[in-house]
There are 2 protein chains.
Amino acid sequence: MSLRQESAAAFAWPEPAPRPVVPGAPSLTHSRCDWTREITIVDEYGEHRQLHIPCERPLTIFVDKRELVTLMTLGARPELLVLGYLRNQHLIARADEVESITVDWDVAAAAVRTRGGVPDLETRTSRRVVTTGCGQGTVFGDAMEQVGSLRLPDAQAARIRQGTLQRMLETIRQHDSIHRRAGSVHGCALFQGSELLMFVEDVGRHNAIDTITGWMALHGVEGADKALYTTGRLTSEMVMKAATIGVPIVVSRNGVTAMGYDLASRLGMALFGRAANRHFLCYTGAERFDSEPEVKPATVRVVSG
Amino acid sequence: MSLRQESAAAFAWPEPAPRPVVPGAPSLTHSRCDWTREITIVDEYGEHRQLHIPCERPLTIFVDKRELVTLMTLGARPELLVLGYLRNQHLIARADEVESITVDWDVAAAAVRTRGGVPDLETRTSRRVVTTGCGQGTVFGDAMEQVGSLRLPDAQAARIRQGTLQRMLETIRQHDSIHRRAGSVHGCALFQGSELLMFVEDVGRHNAIDTITGWMALHGVEGADKALYTTGRLTSEMVMKAATIGVPIVVSRNGVTAMGYDLASRLGMALFGRAANRHFLCYTGAERFDSEPEVKPATVRVVSG
């Protein structure tokens with residue numbers, strides 16, 4: 001990992017192309033905070049040097065003045081994170097249910113005002129499932145039941161070619177990022193074909209996918225013809241979140257768990273893992289995949305004599 | 001990553017050396033379940049092959065018949081995980097407060113019976129902080145306040161030499177693991193000097209450190225003269241858990257966040273990151289560190305002429 005220290009402090013991802021918001025979209029603050037901090041470290045050579053590390057900030061979410069949860073986040077896109085969190089926890093279905101999201105870093109709080117209240121908020125948030133979530137780790141209990149009702153487009157309608165997958169990976173590889181400068185963050189990106197629509201990073205992969213969820217909800221972007229890239233592992237919770245936003249193809253730099261695999265298989269979702277450079281494994285959903293096999297390098301054989 | 005497929009299904013870590021348990025220790029079941037599953041994948045060459053992936057199982061914890069939380073876990077050491085979880089969430093202080101932990105995978109539940117009840121269980125578990133936890137992601141609200149009262153041994157009493165650190169890394173490198181066979185799991189290990197005392201893996205790094213916590217509590221193993229190795233990032237929650245079990249030196253294969261750094265600095269904990277082979281960065285706590293600098297390889301200079 002090469003670290004470009006000199007500009008890490010001022011670093012910000014390129015903004016996605018501007019888009020209209022859905023009718024009735026919530027008004028959002030445009031809060032700002034530092035994403036990285038510089039510290040002095042000593043290495044195995046006994047040398048001292050400066051290094052940028054990512055921030056990790058508590059953000060307490062209040063819904064209609066009721067405290068809901070505190071998320072630990074990088075803090076780059078908190079308004080979208082909050083909107084997407086509510087969506088992925090199935091506390092709202094659409095962005096127009098929210099009137100406003102006001103983030104104030106001075107008090108580390110996000111105040112959400114809804115238009116019609118969240119029905120049974122207390123009951124629905126009483127059961128906690130703590131998952132492997134790198135990013136959050138709670139899925140309120142009934143979300144697991146809801147995934148059974150999710151539907152993805154069929155395999156003829158939503159497919160991916162191997163060449164497209166490789167262009168996605170190349171785009172990610174070249175994309176500037178906090179990870180490249182400061183490490184320790186997860187990244188998530190939404191693609192349409194090989195076109196990158198939205199890229200986001202957070203200290204937790206669940207925050208990253210929730211932030212993308214919030215952006216999709218705000219702009220009315222549907223998931224059926226999209227693919228998701230994540231640096232996080234394909235656990236049950238990640239698969240559920242992708243299904244919740246309707247994305248049928250998920251590509252991870254990392255691996256999969258048996259439950260992530262089972263859920264994806266049940267949903268007909270295509271999962272690709274260990275994806276980097278031109279390498280990947282298709283774990284399930286190969287019916288969505290148009291393989292364009294690489295030529296395997298010839299094995300070098302040492303011949304004696 | 002080399003995968004030894006043929007024996008992944010039957011794989012189990014070497015058991016730690018047997019030790020006595022503390023007086024009044026809880027009785028524990030010895031539940032068993034599969035840790036990995038075999039699936040068929042297709043790769044970039046269009047080749048189909050078998051692969052082992054780690055399991056991810058829900059485990060609902062009931063404390064004195066009251067449902068507390070559901071953890072998603074690999075399932076390798078659930079009794080120790082539950083004991084350690086309760087300890088790291090500050091719901092118990094010692095193992096002898098627990099009478100029994102009964103895990104039944106048929107109903108994916110762990111029933112905990114305490115000797116004297118958990119005071120104010122409902123109130124104390126009402127505030128949820130959802131962290132970046134790869135493994136869990138909740139720290140019940142008052143745990144953050146409690147860390148301020150934690151004390152670690154001073155820098156003269158608990159130190160680490162660079163040579164010891166490198167032997168720790170070499171031990172980990174050679175240690176057989178699910179990660180080596182199936183990927184997608186985090187590992188955590190407790191060391192005394194360069195001696196490995198306990199090694200555990202889970203789909204989440206928080207489960208792994210909680211399992212070690214449970215083992216320490218069960219056997220009355222103190223943290224002051226130990227060091228912890230983790231594959232997970234050094235976030236605020238990881239630092240807090242290490243402080244809770246009294247371990248003043250933490251080594252990670254991964255990086256650190258600003259909040260993890262701040263907490264560790266405040267606590268006087270030594271944090272090493274990006275640790276692999278002979279490389280590492282000491283982020284903070286260098287006052288505990290006896291540097292034995294490597295010789296930096298000479299830079300190869302191309303001289304023209």
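Residues numbered from 1 in each chain as written. Chains lettered and ligands numbered in written order. Predicted model: local features only at pLDDT ≥ 70, side-chain atom pairs only at ≥ 80, totals over all residues. Heavy atoms only, no water.

## As for the domain arrangement of chain A
How big an interface is tends to be stated in terms of accessible area lost as the parts join. All names here are of chain A. Entries for chain A in the domain assignment read domain 1 (13–37 + 49–148) and domain 2 (160–290). Using only C-alpha atoms to locate each centre, domain 1 and domain 2 end up separated by 20 Å. On the domain 2 side, the residues contacting the 44 residues of domain 1 number 40 residues. Approximately 3300 Å² of surface area, both sides summed, lies buried where domain 1 meets domain 2, with 66% of it carried by carbon and sulfur atoms. Counting across the domain 1 and domain 2 interface gives zero salt bridges. On the surface where domain 1 and domain 2 come into contact, there are nine residue pairs in polar contact (both at pLDDT 80 or more). Secondary structure elements with two or more residues in the side of domain 1 that touches domain 2: β3 (48–54), β5 (66–73), α1 (78–88), β9 (138–140) and α3 (142–146). Counting residues per element, the side of domain 1 that touches domain 2 draws most heavily on α1, at seven residues. Split by residue class, the side of domain 1 that touches domain 2 holds 26 nonpolar, 14 polar and four charged. (Domains from an automatic or database assignment. Contact = heavy atoms within 4.5 Å. Buried area = accessible area lost by both parts, 1.4 Å probe. Salt bridge = Lys/Arg side-chain N within 4 Å of Asp/Glu carboxyl O. Polar contact = N/O pair within 3.5 Å; in protein donor to acceptor, adjacent residues only side chain to side chain. Helix = DSSP H or I, 4+ residues; strand = E, 2+ residues; numbered from the N terminus. Nonpolar A, V, L, I, M, F, W, Y, C, P; charged D, E, K, R; others polar.)

## Quick look at helix α6 (residues 205–219) of chain B
Residues and elements named next belong to chain B. The terminal C-alpha atoms of α6, which comprises 15 residues, lie 22 Å apart, in line with the 21 Å expected from a rise of 1.5 Å per residue. Extensive coverage of α6 is indicated by the burial of 15 of its 15 residues. Taken from the residues just after α6, Gly220 is the one with a positive phi, measuring 65°. (Expected span 1.5 Å × (residues − 1). Buried < 20%, exposed > 50% of the residue type's maximum accessible area, 1.4 Å probe, protein only.)

## Looking at α1 of chain A
Residue and element names in this part refer to chain A. Here α1 lies mainly inside the structure; eleven of its eleven residues are buried. Looking at α1, one finds that the buried residues are Pro78, Glu79, Leu80, Leu81, Val82, Leu83, Gly84, Tyr85, Leu86, Arg87 and Asn88. At the exit of α1 stands His90, carrying a positive phi of roughly 60°.

## With respect to the environment of Glu79 of chain A
Residues and elements named next belong to chain A. With respect to the secondary-structure elements, Glu79 resides in helix α1. Residue class for Glu79 comes out buried when judged on its relative accessible area of 7%. Sequence-wise, Glu79 and Gln89 are ten residues apart; in three dimensions their C-alpha atoms are separated by 16 Å. Sequence-distant contacts of Glu79, defined by excluding residues within four places in its chain, comprise Leu28, Thr29, His30, Ser31, Ile101 and Val103.

## Section: the packing of aromatic side chains
Scanning the model with the defined rule gives six aromatic pairs over all chains in all. Plain terms: the ring middles of Phe280 of chain B and Phe289 of chain B are 5.5 Å apart, the flat faces sit at 90° to each other, and that makes the pair edge-to-face. Members of the aromatic cluster, joined through ring pairs, are Phe272, Phe280 and Phe289 of chain A. Over the ring of Trp105 of chain A we find Arg57 of chain A, and its NZ or CZ is 5.8 Å from the ring centre. (Phe/Tyr/Trp six-rings, centres within 6.5 Å; stacked < 30°, edge-to-face > 60°. Lys NZ or Arg CZ within 6 Å of the ring centre and 35° of its normal.)

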